[in-house]
Amino acid sequence: MTVYLDVLIALNLAVNYTLLAGVSRLTGAVVNRWRLLAGAVLGAGYAALTVMPGLGFLGGNLWRTVFLGLMTVTAFGANRGAVTRGALLLGFSFALGGMVQALGLWGFWPVVGGAAVLMLGCGLLFRGAMQHAGQLVPVTISLGDKQLKLTALRDSGNTLRDPFSGEPVMVVGEKSARALLGQVDLRNPAEAMAQWSASKPCRLIPYHALSGSGLLLAVRCDRVTVGGRKAGNLVAFSPETLSGADTYQALTGGGAYG
């Protein structure tokens, strides 16, 4: 059988990017498209190596798993969340292979279309589960000359609101808070408010949680989007990390954020 290397690379590039973009969307990972493309290029290069003379052994499941792991790290970074995304990518890769074999999807566009249909179907199935247990959504926060992109858990159990206006308040974890606010003492919210009140409207928001209660510094940011839609711009900053595995860096209040 004749294998055209340029077609093989183009096909794998398109399929890999589709799968990586699907994993990103399903898990709520906020990543640069260039990183997704870099991961797809790595996978396409691996596919090209498997058809080179003497390198056919790279087509085995072991090496495929290794390179899928490298693609995941390239696209999403080396963090705990990458383990879940890598497992999803591996599963989707084998599922697509089975779909191609079962349905006879030979040719560039049928295979790419099969990957897109697989991602769309999984998105529809997983979306219902995430809405039940908490959905991860991309968030962008702009404050002054800084813009921060992160992942938030859309948690219906988060009912934090401004006691004066009643508007919902997003909560951002410590690491992301410092990226926006700099070196402020979030464990001393009154002092932090005094530091920020001269430049941005801010206030203290009381909270109650299983771990206790207290006050959080809240700043009215210039712009906040959740899932690509404009949301309320009052953001509270926690002195703690919200997710031990760094799966998400913020909490929204369920449907209140659109």
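The residue numbering used here restarts from 1 in each chain and proceeds along that chain's sequence as written. Side-chain atom pairs in this predicted model are given and counted only at pLDDT of 80 or more, local residue features only at pLDDT of at least 70, and totals for whole chains, interfaces and linings cover all residues. The side-chain figures draw on all heavy atoms in the structure; neither hydrogens nor water molecules are used.

Describing the environment of Leu136
Secondary-structure assignment places Leu136 in strand 1 (residues 135-143). Considered as a pair, Leu136 and Gly227 are 91 residues apart in the sequence and their alpha carbons are 9.2 Å apart. The way it works is that DSSP assigns letters per residue, a run of H or I at least four long becomes a helix, a run of E at least two long becomes a strand, and they are numbered from the N terminus.

Here's the deal with the pattern of salt bridges
A side-chain nitrogen of Lys or Arg and a carboxyl oxygen of Asp or Glu constitute a salt bridge if their distance falls within 4 Å. All told, the structure shown has four salt bridges when counted by the stated rule. Its salt-bridge partner being Glu174, residue Arg178 comes within 2.5 Å of it at the nearest N-O pair. One end of the pair, Arg178, and the other, Glu174, are both in helix 6 (residues 174-181), four residues apart, so they sit about a helical turn from each other. When a residue's accessible area, from a 1.4 Å probe over protein chains only, is under 20% of the maximum for its type it is buried; when over 50% it is exposed; and in between it is partly exposed. On the basis of relative accessible area, Arg178 is assigned to the partly exposed category, the value being 28%.

Considering a nonpolar patch on the surface
On the surface, Leu5, Ile9, Leu49, Val51 and Met52 cluster together to form a nonpolar patch covering roughly 350 Å² of accessible area. Within the fold, Leu5 resides in helix 1 (residues 5-27). Patch building starts from residues that exceed 30% relative accessible area and form no salt bridge, then joins like charges within 9 Å and nonpolar side chains (Val, Leu, Ile, Met, Phe, Trp, Tyr) within 5 Å. Surface exposure here means Shrake-Rupley accessible area, sampled with a 1.4 Å probe, where a residue is shielded only by the protein chains that are shown.

What about the packing of aromatic side chains?
For Phe, Tyr and Trp, where Trp contributes only its six-membered ring, two rings pair if their centres lie within 6.5 Å, and the inter-plane angle classes them as stacked under 30 degrees, edge-to-face over 60, or tilted in between. Tallying each qualifying case throughout the model produces three aromatic pairs. With a centroid separation of 6.3 Å and an interplanar angle of 75°, the aromatic rings of Phe57 and Trp63 are classed as edge-to-face. On the basis of relative accessible area, Trp63 is assigned to the partly exposed category, the value being 36%. Judged by centre distance (6.5 Å) and plane angle (45°), the rings of Trp63 and Phe67 are tilted.

A closer look at the packing of helix 2 (residues 33-50) against helix 3 (residues 61-76)
All axes are obtained by fitting lines to C-alpha atoms, using only the stretch in contact for helices, and the reported angles, taken between N-to-C directions, cover 0 to 180 degrees. Contact pair helix 2 / helix 3: the axes reach a minimum separation of 7 Å and the direction vectors enclose 160°. Relative to helix 3, the element helix 2 lies roughly antiparallel. The interaxial crossing formed by helix 2 with helix 3 has right-handed handedness. Of the residues in helix 3, those touching helix 2 at Arg35, Leu36, Ala38, Gly39, Leu42, Gly43 and Tyr46 are Trp63, Arg64, Phe67, Leu70, Met71, Val73, Thr74, Ala75 and Phe76. These descriptions rest on fixed angle ranges, namely under 35 degrees for roughly parallel, over 145 for roughly antiparallel, 65 to 115 for roughly perpendicular, and the rest for oblique. Crossing handedness: left-handed means the near helix sits turned counterclockwise from the far one by under a right angle, and right-handed means the same turn made clockwise. Every residue pair with non-hydrogen atoms within 4.5 Å of one another is taken to be in contact.

Interpretation note: all reported values are geometric properties and have no functional meaning in isolation.
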